[in-house]
Amino acid sequence: MPAIVPAEARPHRASAFLHRHPGVRLGALLSAPMLWYFVMYLAALALLFLTAFWSQDSFTSQIIRELTFENVEEVLTTPVYRSVTLQTIGVAATVTVLCIVLALPAAFFAAKVARPRARRALIVMFLVPLWASYLVKAYAWRGLLSESGVINWVLEPFGLSGPGFSTVAVILVLTYLWLPYMILPIYVSLDRLPNSLLDASGDLGARAGTTFRSVVLPIILPGIAAGSIFTFSLSMGDYIAVSLVGGDELLLGNVIYNNIAGGGNTPLGAALALVSVIIIMLYLLLVRRTGALKEL
Amino acid sequence: MTLSPFARVVLRVLLLLVLAFMYVPLLLVLINSFNPNQVASWPPKGFSLVWWEAALDNTGARDALIESLHVAAWATAIALVLGSMIAFAIARYQWFGRESISLLIVLPIALPGIVTGVALQNAFTRVLPEIGIDIGLGLITVIIAHTTFCLVIVFNNVVARLRRASASMEEASMDLGASSWQTFRLVTFPQVRSALLAGGMLAFGLSFDEIIVTQLAAGAGVQTLPIWIFNNLSRPNQAPVVNVVAALVILLSVIPVYFAQRLSDDPAHTGV
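Computed from a predicted model, the values in this text were never measured in an experiment.

About the cut-offs
Residues numbered from 1 in each chain as written. Chains lettered and ligands numbered in written order. Predicted model: local features only at pLDDT ≥ 70, side-chain atom pairs only at ≥ 80, totals over all residues. Heavy atoms only, no water. Helix = DSSP H or I, 4+ residues; strand = E, 2+ residues; numbered from the N terminus. Rg over C-alpha atoms; globule rule 2.2 N^0.38 Å. Buried < 20%, exposed > 50% of the residue type's maximum accessible area, 1.4 Å probe, protein only. Contact = heavy atoms within 4.5 Å. Areas by Shrake-Rupley, 256 points an atom, 1.4 Å probe, with all protein chains shown as cover. Lys, Arg positive; Asp, Glu negative; His and termini not counted. Charge placed at Lys NZ, Arg CZ, Asp CG, Glu CD. Patch = residues over 30% accessible without salt bridge, like charges linked within 9 Å, V, L, I, M, F, W, Y side chains within 5 Å. Salt bridge = Lys/Arg side-chain N within 4 Å of Asp/Glu carboxyl O. 1 Å grid on protein atoms, 1.4 Å probe; cavity = no way out; pocket = protein on both sides within 12 Å on 5 of 7 lines; lining within 4 Å. Points joined across faces, edges and corners; volume = space filled by probe spheres on them. Nonpolar A, V, L, I, M, F, W, Y, C, P; charged D, E, K, R; others polar. Phe/Tyr/Trp six-rings, centres within 6.5 Å; stacked < 30°, edge-to-face > 60°. Buried area = accessible area lost by both parts, 1.4 Å probe. Polar contact = N/O pair within 3.5 Å; in protein donor to acceptor, adjacent residues only side chain to side chain.

Engineer: Help me out: how do you make sense of the overall build of chain A in this one?
Structural biologist: Looking only at helices and strands, one finds 13 helices and two strands in chain A. Against the globule reference of 19 Å for 296 residues, chain A gives a C-alpha radius of gyration of 26 Å, more extended than a compact globule. Along the three orthogonal principal directions, the C-alpha set of chain A runs to about 85 × 65 × 35 Å. Buried residues in chain A amount to 52% of all 296 residues. A separation of at least 24 residues holds for 68% of the contacts in chain A among residues at least 6 apart in sequence. With an accessible surface of roughly 14,000 Å², chain A has 65% of that area assigned to carbon and sulfur atoms. For chain A, the distance from the average position of its 19 positive side-chain charges to the average position of its 15 negative side-chain charges is 19 Å.

And the structure:
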């Protein structure tokens, strides 16, 4: 472009150079973070999955670097691993559904029914548990669910007892832990939904249920999907809450942890981690079509 | 929206149930921290501040708190720089591979923490020593591990803001003769400042709270507050002190939410 700018007003040379060469600017912006990201994260991830195709000497615990499919085969054919995987998917799916069911009315009330002041207060109330430590919350539930805990104390007069430390307890606690991650994206997408659309639907004779199904749901679907990425994936990987309130319950996360950090078989743990990554990638591809990734 | 009075009542009741579900456990931790008993039992047998005094005197917990703040500050600082650089590259430039990178970049928060944790542990303890870099597991590896997910949080916040703010302001500034640096300082930065703050705070909070990745990336010497809590949970004589620390963490969590509320025009969009 011809220079119309007088010479004395011309910007610094470096900045002019950058201005004329967007490629250089882009390169400068991308190089450091990409280097970090590829070296620190993706390479570590790739190496972990490579380990899944190696084996471990059972005496020296040295990794033997020869290509083998025995870990993957073991993971796919051993009934225990298959049932743990299915159990984990079942727990993650149940937790996700429960979170959606609980989040919808709360987010809807905050976004569409509450007055502005109450709305602000509600948002704060949805946010505070997100900041209160994960361990503190899991720990609180351990107390609640224990033999002499509040749940049994409340239920006892009715001749009932709580779930104790069990699968039900795991589902309950994971739902509790991830609920804010579901409420917030749903609230944001409901907040963006114009009230006039709801009014129009009502004026045209739709009842609340119909309006919800054909107007609200399609618009907030990406928000629900974004929330479900968190609830599903966080449940797939959890092992601490599971070990605190699960009793004998083992999920995929526990088996991976025991194999890699607990001195078990690292390649086998890597193969199990690969399984959970594949399940989550499939889930991401599934929900990507709703545009959920832009809502994260 | 026009809802029938009945629907309103139902919604209100459901909301109250959800809030009760969210807050009753937290409230019980607070109440239990005043329970004089060594073994937590319900209902509490009395009221006492003895465990609060014990917790405030506990140097282990205090050191762990400082360690956590230290890790979170470093991880957030690195994440702010790197995360906003990627956000600019993705929101302001067209390039080959942009779509796949924006999918790849969310992996550290989309994949479970345990996968990130074991991958990094494997790299630090088995792979790096082979090529002559043996940094061991320690504070640095924890900071590196936390940065991987903090970066994504910052990225999400900044990229969302840049997508809403148009690039024409920056072009106008350049056309009027401002240098790249002046444009960044006077036009671009003020636009993303609150997104950086929101992203930075959330990244800090996540790092402060992280246990899974931390457990795997930290050696025996590093003790962040979550690790301290985890290690002391199972010790019966420490349980009441842990309870007080837990209560304190709950009370402290109100502070960042309050500031996030004041800073942000769009409070619920946290970018998690």
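Engineer: It is not clear to me how a nonpolar patch on the surface should be interpreted in this structure. Could you clarify?
Structural biologist: Residues and elements named next belong to chain B. Taken together, the side chains of Leu 56, Leu 248, Leu 251, Leu 252, Ile 255, Tyr 258 and Phe 259 present a nonpolar region at the surface, about 670 Å² in accessible area. Elements that contribute at least two residues to the nonpolar patch include exactly helix H12 (239–252) and helix H13 (254–263). Tracing the backbone through its elements, the reader meets Leu 252 in helix H12. The class of Leu 252 is partly exposed, set by a relative accessible area of 45%.

Engineer: Help me understand empty space enclosed by the protein, please; the structure alone is not making it clear to me.
Structural biologist: It is the rolling of a water-molecule-sized probe over the atoms that shows where space remains empty. Summed over all chains, the structure comprises five cavities of 30 Å³ or more. Put simply, the largest cavity is a space of about 520 Å³. Along its surface, the largest cavity is lined by 27 residues, and Trp178(A), Tyr181(A), Leu234(A), Leu206(B) and Glu210(B) are the ones closest to its centre. At the level of elements, helix H6 (134–145), helix H8 (167–192) and helix H10 (208–237) of chain A together with helix H5 (107–110), helix H6 (113–127), helix H7 (139–164), helix H9 (180–209) and helix H10 (212–217) of chain B are the ones that each hand at least two residues to the lining of the largest cavity. Considering each element in turn, the lining of the largest cavity owes the most residues, four residues, to H10(A). Along the lines of polarity and charge, the residues of the lining of the largest cavity split into 19 nonpolar, four polar and four charged.

Engineer: Help me understand the packing of aromatic side chains in this model?
Structural biologist: We describe a pair of aromatic rings using the distance from one ring centre to the other and the angle between the two ring planes. As enumerated under the stated definition, the model contains 15 aromatic pairs over all chains in all. Judged by centre distance (6.0 Å) and plane angle (10°), the rings of Tyr134(A) and Trp178(A) are stacked. Of the two residues, Tyr134(A) is situated in helix H6 and Trp178(A) in helix H8; the sequence distance between them amounts to 44 residues. Relative accessible area serves as the criterion here: at 9%, Tyr134(A) is assigned to the buried category. With a relative accessible area of 5%, Trp178(A) lands in the buried category. Centre to centre, the rings of Tyr176(A) and Phe21(B) are 5.4 Å apart; their planes meet at 90°, and the pair counts as edge-to-face. Of this pair, Tyr176(A) sits in helix H8 while Phe21(B) is found in helix H1 (residues 5–32), placing the two residues in two different chains. By relative accessible area, Tyr176(A) is classed as buried at 4%.

Engineer: I keep staring at the pattern of salt bridges and nothing clicks. Help me out?
Structural biologist: Close approach of charged atoms lets side chains of opposite charge pair. All names here are of chain B. For the structure on display, the rule yields one salt bridge over all chains. With a closest N to O distance of 3.2 Å, Glu 170 and Arg 92 form a salt bridge. Remark: Arg 92 occurs in helix H3 (residues 59–92) and Glu 170 occurs in helix H8 (residues 168–175); sequence separation between them is 78 residues. Judged by its relative accessible area of 13%, Glu 170 is buried.

Engineer: Explain the interface of chain B and chain A here, please?
Structural biologist: You'll often see interface size given as the accessible area lost when the parts meet. At the interface, 92 residues of chain B touch 97 residues of chain A. The junction of chain B with chain A conceals about 8,900 Å² of combined surface from both sides, 78% of it contributed by carbon and sulfur atoms. At the boundary of chain B with chain A, the tally comes to zero salt bridges. For the interface between chain B and chain A, the tally reads eight residue pairs in polar contact (both at pLDDT 80 or more). With 14 residues, H1(B) is the largest single contributor of residues to the side of chain B that touches chain A. The residue makeup of the side of chain B that touches chain A, split by class, is 67 nonpolar, 19 polar and six charged.

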